[in-house]
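Chain residues, written in single-letter form:
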Amino acid sequence: MKTADPELMRAINRLNVLDTIRRHGPISRIEISERTELSTTTVSAITASLLDDGLILPRHEGDIRNEAVRGRPRVALELNPDAARVVGGKIAANRMVFVVTNFRGDVLSKLALPIRIDRQPIGVIADLVEDGVRRCVVDAGLSLEDVDSICLGFPGVIEHRTGYIRSSPIFRDINVDFAAEMSTRLSTPTIVESDAHAITLGHHWFGRARDLEDMVLISLEQTLGLGVLHGNRLFRGAGGLSHNLGDLVLGMGPNGVVRLFSQAGESAILGEQQADGRFAEAIRLGRGMTHAQALIKADDDRLIASAIRAGEAVGLTIANIVTLFAPPRVILVGSSLALGEPFLNSLRDAYALAIPPSLRGVSELVFDDSSDDFWAQGAAAVALYELYESPWSTTGPAL
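Here's a quick rundown of the structure. (Residues numbered from 1 in each chain as written. Predicted model: local features only at pLDDT ≥ 70, side-chain atom pairs only at ≥ 80, totals over all residues. Heavy atoms only, no water.)

**A closer look at the overall build of the protein**
Helices and strands together make up the secondary structure of the protein, namely 13 helices and 18 strands. Across the 399 residues in the protein, those meeting the buried criterion constitute 51%. At a minimum sequence separation of 6, the contacts of the protein that also span at least 24 residues come to 64%. Accessible area for the protein stands at about 18400 Å²; split by element, carbon and sulfur atoms hold 50% of it. (Helix = DSSP H or I, 4+ residues; strand = E, 2+ residues; numbered from the N terminus. Buried < 20%, exposed > 50% of the residue type's maximum accessible area, 1.4 Å probe, protein only. Contact = heavy atoms within 4.5 Å. Areas by Shrake-Rupley, 256 points an atom, 1.4 Å probe, with all protein chains shown as cover.)

**Quick notes on helix 3 (residues 40-52)**
Counted at 1.5 Å a residue, the expected span for helix 3 with its 13 residues is 18 Å, and the 18 Å between its end C-alpha atoms agrees. Looking at helix 3, one finds that the buried residues are V43, I46, T47 and L50. Buried residues of helix 3 fall within an arc of 95° about the axis and therefore sit on the same side. Summarising the geometry of helix 3, the exposed residues directed more than 90 degrees from the buried face are T41, A45 and D52. (Expected span 1.5 Å × (residues − 1). Arc of directions from axis to C-beta.)

**Regarding the sheet that holds strand 6 (residues 149-154)**
Read from one edge of the open sheet, five strands run 5-4-3-6-10, paired in mixed fashion. What marks the edges here is a single partner per strand, and that holds for strand 5 (107-113) and strand 10 (190-194). If you compare each strand with its neighbour and ignore which way they point, the axes differ by 15° on average. Where strand 3 (residues 85-92) meets strand 6, five bridges bridge the pair, whose relative direction is parallel. Looking at strand 6, one finds that G88 is bridged to C151. Here helix 4 (residues 122-139) sits on the sheet and contacts strand 3, strand 4 (95-102), strand 5 and strand 6; the angle it forms with strand 4, its principal contact strand, is near 35°. Sheet contacts for helix 5 (residues 178-186): strand 6 and strand 10; angle to strand 10, the most-contacted strand, approximately 145°. (Pairing = 2+ DSSP bridges. Axes fitted to C-alpha atoms, helices over the stretch in contact; angles between N-to-C directions.)

**Notes on unusual backbone geometry**
Phi is mostly negative for residues that are not glycine, and the peptide bonds are mostly trans. Omega for the peptide link from G25 to P26 comes to -5°, which places this bond in the cis form. Examined against the element boundaries, P26 turns out to sit in the loop between helix 1 (6-24) and helix 2 (29-36). Here the phi dihedral of E37 falls at roughly 65°; this positive angle occurs in a residue that is not glycine. With respect to the secondary-structure elements, E37 resides in the loop between helix 2 and helix 3. Relative accessible area serves as the criterion here: at 73%, E37 is assigned to the exposed category. Positive phi is not limited to glycine here, since N232 has a value of about 70°. If you trace the backbone, N232 turns up in the loop between strand 12 (224-230) and strand 13 (233-234).

**A closer look at the pattern of salt bridges**
Taken as a whole and assessed by the stated rule, the structure comprises 20 salt bridges. Between R14 and D53 there is a salt bridge whose closest N-O contact spans 2.9 Å. Highlighted residues: R14 in helix 1 and D53 in the loop between helix 3 and strand 1 (56-61), separated in sequence by 39 residues. What you see here is one network of salt bridges that share partners, running through D127, E130, R134, E181 and R185. (Salt bridge = Lys/Arg side-chain N within 4 Å of Asp/Glu carboxyl O.)

**Remarks on the environment of I170**
As for its position among the elements, I170 is in the loop between strand 8 (164-167) and strand 9 (176-177). For the pair I170 and G156, spaced 14 residues apart in the sequence, the C-alpha separation amounts to 8.5 Å.

**What to know about the environment of A84**
Looking at the secondary structure, you find A84 in the loop between strand 2 (74-79) and strand 3. A84 gets classed as buried once you look at its relative accessible area, which sits at 2%. Excluding anything up to four places from it in sequence, A84 contacts T101, N102, F103, D148 and L387.

**Here's the deal with the packing of helix 4 against helix 5**
Where helix 4 contacts helix 5, the axes come no closer than 11 Å and their chain directions differ by 50°. Taken as axis vectors, helix 4 and helix 5 run oblique relative to one another. The interaxial crossing formed by helix 4 with helix 5 has right-handed handedness. In this structure, helix 4 contributes G123, I125, A126, D127, V129, E130, V133 and R134 to the contact, and helix 5 contributes F178, E181, M182, R185 and L186. Residue composition of the contact of helix 4 with helix 5, by class: seven nonpolar, one polar and five charged. (Parallel < 35°, antiparallel > 145°, perpendicular 65-115°, else oblique. Left-handed = near helix turned anticlockwise from the far one by under 90°. Nonpolar A, V, L, I, M, F, W, Y, C, P; charged D, E, K, R; others polar.)

**Quick notes on the sheet that holds strand 7 (residues 157-159)**
Strand order across the open sheet formed by three strands is 7-8-9, with antiparallel pairing between neighbours. Both outer strands of the open sheet, strand 7 and strand 9, are each paired with one neighbouring strand and no more.

**Thoughts on the nonpolar core**
Residues I21, L50, F103 and L201 are the most contacted members of the largest nonpolar core, which totals 47 residues. A per-element tally of this core places helix 13 (residues 372-389) first, with 12 residues. Beyond its immediate sequence surroundings of up to four residues, L50 is in contact with R14, V17, L18, I21, L55 and I56. Judged by nonpolar contacts, the second largest core, of 36 residues, contains V216, L260, I296 and A310. (Core = buried A, V, L, I, M, F, W, Y, C linked by side-chain atoms within 4.5 Å.)

**Thoughts on the packing of aromatic side chains**
Enumeration according to the criterion identifies four aromatic pairs in this entry. Seen in terms of ring centroids, F154 and F171 are 5.6 Å apart; in terms of plane orientation they differ by 35°. Their pairing is tilted. Of this pair, F154 sits in strand 6 while F171 is found in the loop between strand 8 and strand 9, placing the two residues 17 residues apart along the sequence. Residue F154 shares its accessibility class with F171, and that shared class is buried. The interplanar angle of 80° and the centroid separation of 5.3 Å between the aromatic rings of F154 and F178 together place this pair among those described as edge-to-face. Of this pair, F154 sits in strand 6 while F178 sits in helix 5, and the two are 24 residues apart along the sequence. Residue classification places F154 among the buried residues on the basis of a relative accessible area of 0%. (Phe/Tyr/Trp six-rings, centres within 6.5 Å; stacked < 30°, edge-to-face > 60°.)

Written out as structure tokens, the structure is:
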């Protein structure tokens, strides 16, 4: 009986070696063999292919001119930063942030545009995104012909494989084929991804989960998102769907099903305060949670109660996720962290009460106030991730 596809196994091994070089380079072939548990012969063959394709570079360590040094200089391998260039973008209701990175993930340029775009016609949103991408590419001293891929991160439910945005607070419509729209406009392969998945890969590649192969990320922004990394790979649902954590059911109430967004969503937290003139302007500018933090510090009882309620709901949610997946680390990001101690303390207390005794201490909770630049860099990581994974072929710089 045939137990494995040799071509698939070669592609998996190639991806494994390349990712090991990315995470630990400069690194020797022997160290690659130890980390991947592949034979030195296999590693040598794969790295020779990667060198031929221009995806990695050798670095000679030691002084090759010193004849007193015995033996050949140690050769370490690292990613070739010029092998690819990608654009990542975070698209939020009231701002857009773009970055251009190389194959190593180094930021070549960045651009932030504080423009309110939610609920605009699709054509207007596409115009604004196109202008932002083009300007950021020019700022990097490049043209779009130099860019291999673009990834745009949106809040909401995204079908990654098809490029459809099933629902997002950015759009009036549902099932928007935004990837096809932008690919045509920019003449460059364009991916759409949930912002939660983008920031998950951002932390795996550059941030608080670089040392891990498995982790969970919870995004507490305008929408509530979930990112699950397992074996260095993003876990996506059927059709590549992202996870809308806000729709998670917490229980039953007098009015029916109680979902997480009704307790911990931005609208639920801000509540009646949104009608206040100054508060309404802060929300319109994307500073609602920051303004809420100031009111909480001024002992606004209604907002404190909302923050506590939201913290409890998120704490219970994290306990359920840890019960299912037992990840070594749970990273929380997003604007709700600005609510401060009432939110964070109630979250920790609820989590401590709800977590099963057998799982206490298994998962580390990390609170990270990442900048928008980092979210956009995460979207660029998605684009790079696609270039890494497209190799189920083993040819060419697009892997």
